[in-house]
Amino acid sequence: MASRILPSFDSEGAWRAVLARDKAADGRFITGVLTTGIYCRPSCAARHPKREHVRFFATSAEAAAAGLRACLRCRPDEVARDIAAIDRALRLIETAEEPPNLETLARAAGYSNFHFHRIFKRTTGVTPAAEWIRVTSSASSWCSGGRRPGSREASMVLPEPGGPTNRRW
Ligand SMILES: [Zn+2]
C-alpha cells in the first residue's frame, strides 16, 4: 500500500533538498548515487555527488531493488521504518473511537513512547493527540452536514512537502 505521508517530489525540488541537507525531506524520497552504488536519505552529511550521478527513488526498497546499498552513515532504512510505523499509527488513530493511548500507539509501532512521540511529531507536524482531535472533529462535521464529502477533501489535510516553515502546527 502506498504511504499516505509521502507527497511526490519533482526531481528539481528533491535535488534542492539534498543540497540544503533538508531534514524535513527525510523519508519523502531516497537519493541514489549510481557511481558509488549507495543510497541515502536527503539530509545525508556525506559529500554531495554530482547531479548527473544521482537518481531519486520513492522508497529505500526501490533503491535496493535497483541494486544500490544503504549508506552506513545516514542509515536511510531507519527512516523508511519510521515512515511505515507512522502510517500504521495514523490508521489506528483514524479508526480509534477514544483518544488513542500513546503507549498503545508506540507499542503497535514497535518503539518506546518517547521515540514514537518524537518521530510522529517530526513526520506529521502534530502530536498523536492533536491528530486524533483533527480526525474526529472532521468526522463529526461530516455527521452534522448529513453527508460525507469526497475523498479529495480528506486528502487536503495531509502535511505539505517543503519543510517545517510551512507547517501549520
Ligand atoms: Zn548517506
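The structure presented is a predicted model; accordingly, all values stated were derived computationally and were not measured.

## Let's talk about the overall build of the protein chain
At step 1: A tally of regular secondary structure across the protein chain gives seven helices and four strands.
At step 2: Each helix (α) and strand (β) of the protein chain, taken in turn from the N terminus, gives the series α-β-β-β-α-β-α-α-α-α-α.
At step 3: Across the 169 residues in the protein chain, those meeting the buried criterion constitute 28%.
At step 4: Looking at the protein chain alone, contacts between residues at least 24 apart form 59% of all its contacts between residues at least 6 apart.

## A few points about the pairing of strand β1 (residues 30–33)
A regular strand places its side chains so that they alternate between the two faces of the sheet.
At step 1: Burial along β1 is two-sided: the face carrying I30 and G32 and the face carrying T31 and V33 are both buried.
At step 2: The pairing of β1 with strand β3 (residues 54–57) spans four bridges and is antiparallel. Considered in β3, the bridge of I30 is made with F57.
At step 3: As paired strands, β1 and strand β2 (residues 38–40) are joined by three bridges and run antiparallel to one another. Bridge pairing in β2 links G32 to Y39.
At step 4: Linking two consecutive strands that pair antiparallel, namely β1 and β2, is a turn of four residues; a positive phi of about 75° is found at G37 within it.

## Things to note about the sheet that holds β2
At step 1: Strand order in the open sheet formed by four strands is β3-β1-β2-β4, with mixed pairing between adjacent strands. Of all the strands in the sheet, the pair left with one neighbour each is β3 and β4 (69–70).

## Here's the deal with the packing of helix α4 (residues 102–109) against helix α5 (residues 113–124)
At step 1: At a minimum axis separation of 9 Å, α4 and α5 run at an interaxial angle of 85°. As summarised for this structure, α4 and α5 are arranged roughly perpendicular, according to the angle between their axes. Contacts between α4 and α5 involve L102, E103, L105, A106 and A109 on the former and, on the latter, N113, F116 and H117.

## Looking at unusual backbone geometry
At step 1: One non-glycine residue, R21, lies in the positive phi region at around 50°.
At step 2: Tracing the backbone through its elements, the reader meets R21 in the loop between α1 (11–19) and β1.
At step 3: Non-glycine residue R75 carries a positive phi angle of around 45°.
At step 4: Within the secondary structure layout, R75 lies in the loop between β4 and α3 (76–95).

## Some remarks on the packing of α3 against α4
At step 1: Two elements in contact, α3 and α4, have axes whose closest approach is 9 Å; the angle formed by their N-to-C orientations is 140°. Classed by the angle they form, the pair α3 and α4 counts as oblique. Crossing angle aside, the handedness with which α3 passes α4 is right-handed. Contacts from A85, R88, A89 and L92 in α3 reach L105, A108 and A109 in α4.
At step 2: Among the residues making up the contact of α3 with α4, the classes are represented as six nonpolar, no polar and one charged.

## Considering the nonpolar core
At step 1: Grouped together as the largest cluster of nonpolar side chains are 17 residues, with contacts concentrated most on A14, F29, I30, I38, Y39, C40 and C71.
At step 2: If you list the elements that add at least two residues to this core, you get α1, β1 and β2.
At step 3: In this structure, C40 is in contact with T31, A46, C71, C74 and P76, ignoring residues within four places of it in sequence.
At step 4: If you look at the next biggest cluster of nonpolar residues, it comprises 15 residues, including L90, I93, F116 and F120.

## What about the environment of F56?
At step 1: Of note, F56 is situated in strand β3.
At step 2: A residue is classified by how many C-beta atoms lie within 10 Å of it, and F56, with 21 of them, is buried.
At step 3: As for F56 and S11, which are separated by 45 residues in sequence, their C-alpha atoms are 7.0 Å apart.

## A short note on the environment of R41
At step 1: Relative to the assigned elements, R41 resides in the loop between β2 and β3.
At step 2: R41 sits eleven residues away from I30 along the chain, and the two C-alpha atoms are 5.3 Å apart.
At step 3: Discounting residues that sit within four places of it in the chain, R41 has contacts with D26, I30, C74, P76 and V79.

Rules behind the numbers
- Residue positions are counted from 1 within each chain, in the order its sequence is given.
- Predicted model: local features are reported for residues with pLDDT of at least 70 only, side-chain atom pairs are reported and counted for 80 or more only, and whole-chain, interface and lining totals are derived from all residues.
- Helix numbers and strand numbers start at the N terminus; a helix is a DSSP run of H or I with at least 4 residues, a strand a run of E with at least 2.
- Buried residues are those with 20 or more other C-beta atoms within 10 Å of their own C-beta, exposed residues have 12 or fewer, and partly exposed residues lie in between; C-beta atoms are placed from the backbone.
- Contact between two residues is assigned when their C-beta atoms, built from the backbone, lie within 7 Å.
- In this scheme, strands are said to pair when DSSP sees at least two bridges between them.
- Inter-axis angles, ranging from 0 to 180 degrees, are taken between N-to-C directions of lines fitted to C-alpha atoms, where helices are fitted over the stretch in contact.
- An angle counts as roughly parallel when it lies under 35 degrees, as roughly antiparallel when it exceeds 145, as roughly perpendicular when it falls between 65 and 115, and as oblique in every other case.
- Each crossing gets its hand from how the near helix is turned against the far one by less than a right angle, where anticlockwise is left-handed and clockwise is right-handed.
- Ten residue types, Ala, Val, Leu, Ile, Met, Phe, Trp, Tyr, Cys and Pro, are classed as nonpolar, four, Asp, Glu, Lys and Arg, as charged, and the remainder, Gly among them, as polar.
- Under the definition applied here, buried Ala, Val, Leu, Ile, Met, Phe, Trp, Tyr and Cys residues are grouped into a nonpolar core through C-beta atoms within 7 Å.

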